[in-house]
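This is what each chain is made of:
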Amino acid sequence: MTDNAGQNGVGASELAGYAAILLAVLIWASWIVATRDAASQFTPLGLSILRNAIPALILSPFWLRRGLFPRGESPWLLAIMAIGWGGPFILLTAKGLQTVPASLFAPLTPALLPLFVAIWDKFIDRRPFSVERSIGLGLIGLSVGLVLVPAFLDSEPGVLSGAPYLLAAAVSWSAFTIAYRRVNLNGVEAAAYVCLYSTPFLLIGSLFWETGIPQAPIADIAWAALMQGVLAGAISVAAFAFSAKCLGPVRASSFTALVPVFAALGGWAVLGETISVAGWLAAAAACLGVALANGAASAALRRRRR
């Protein structure tokens, strides 16, 4: 049976791609809420172990196929990727989410990712900005202001104490993104190596610092393992890689702009968080800003590769 996508609109491959990216976005938003909830029971180290050790096993066929150190890849770039998106990133994120509401996480971390990458592109790689990307970055800056300014004015020490960790996580994630652009690994392979390289150091750390895992009920450990390791660590990565193949990286990456809104809704529905008008505006600005910045950056990168 032939695919009549060109005549009848969206084809089966595109539909599958849209389903995959929506699954990835829902998992990422749920991960934010779940991490915020689990931060009261597990330490940041414990959550980081679950987030990295389980995917290292699930995705082992990918790193076993290419070896512990993939041929032709820079060890320095692989190390930056592992530090940027592996154990340290989860440690910083979990520490920040101990105090920062889930609704404000996205403007402080995922939304700042394209801003920090853009700074690198502008001043290090000397890449010009399009008008679309500039507008997107401006909206991202606005979203951060809508988070931090009310916190200063209302003297909310919880937000202010956790914000530096989330800002550091955004810098860490940006380092991974910049390094990833320079290697020949697909998204699933990159996740496999990041988790593989992070796990031994985290396990060694568990010998000296608390994780909260041994004291937690089995049901809570199972849920955290499912959310952190299986869904966020493996399935979401595979879903995003599949969607990028079906839809192209530009359309797939633009859907990440939905994460702030879904995370805010999840924090309100699941955790009972109160979302202020400024919080909703921050989520909306981050959503639109990430969509514009990601779309413009991905389109520019695709043009350069032609």
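This one's a predicted model, so the numbers in the text were calculated from it and none came from an experiment.

A. Geometry of the nonpolar core. Counting residues in hydrophobic clusters, the biggest one holds 64 residues, and the most contacted among them are Trp31, Ile32, Met81, Trp85, Leu108 and Ile140. In terms of residue count, helix 2 (residues 12–38) provides more of this core than any other element does, 10 residues in total. The contact partners of Trp85, leaving out residues within four places of it in the chain, are Arg51, Ser172, Trp173, Phe176, Ala191, Val194 and Val237. Counting residues in hydrophobic clusters, the runner-up holds 10 residues, among them Ile213, Ala216, Ala224 and Ala225.

B. Representation of helix 14 (residues 259–270) within the structure. Its 12 residues give helix 14 an end-to-end C-alpha distance of 16 Å, which sits within 8% of 16 Å, the value for a rise of 1.5 Å per residue. What helix 14 keeps buried is the set Val259, Pro260, Ala263, Ala264, Gly266 and Gly267. Burial along helix 14 is one-sided: seen end-on, the buried residues are contained in an arc of 160°. Counted as exposed and oriented over 90 degrees from the buried face of helix 14: Trp268 and Ala269. Of the residues trailing helix 14, Gly272 is marked for its positive phi of about 70°.

C. Local environment of a nonpolar patch on the surface. A contiguous nonpolar surface patch, about 400 Å² in accessible area, is contributed by Ile119, Trp120, Phe123 and Ile124. Relative to the assigned elements, Ile119 resides in helix 8 (residues 112–123).

About the thresholds
Residues numbered from 1 in each chain as written. Predicted model: local features only at pLDDT ≥ 70, side-chain atom pairs only at ≥ 80, totals over all residues. Heavy atoms only, no water. Core = buried A, V, L, I, M, F, W, Y, C linked by side-chain atoms within 4.5 Å. Buried < 20%, exposed > 50% of the residue type's maximum accessible area, 1.4 Å probe, protein only. Helix = DSSP H or I, 4+ residues; strand = E, 2+ residues; numbered from the N terminus. Contact = heavy atoms within 4.5 Å. Expected span 1.5 Å × (residues − 1). Arc of directions from axis to C-beta. Patch = residues over 30% accessible without salt bridge, like charges linked within 9 Å, V, L, I, M, F, W, Y side chains within 5 Å. Areas by Shrake-Rupley, 256 points an atom, 1.4 Å probe, with all protein chains shown as cover. Salt bridge = Lys/Arg side-chain N within 4 Å of Asp/Glu carboxyl O.

This is a description of form; function is not addressed.
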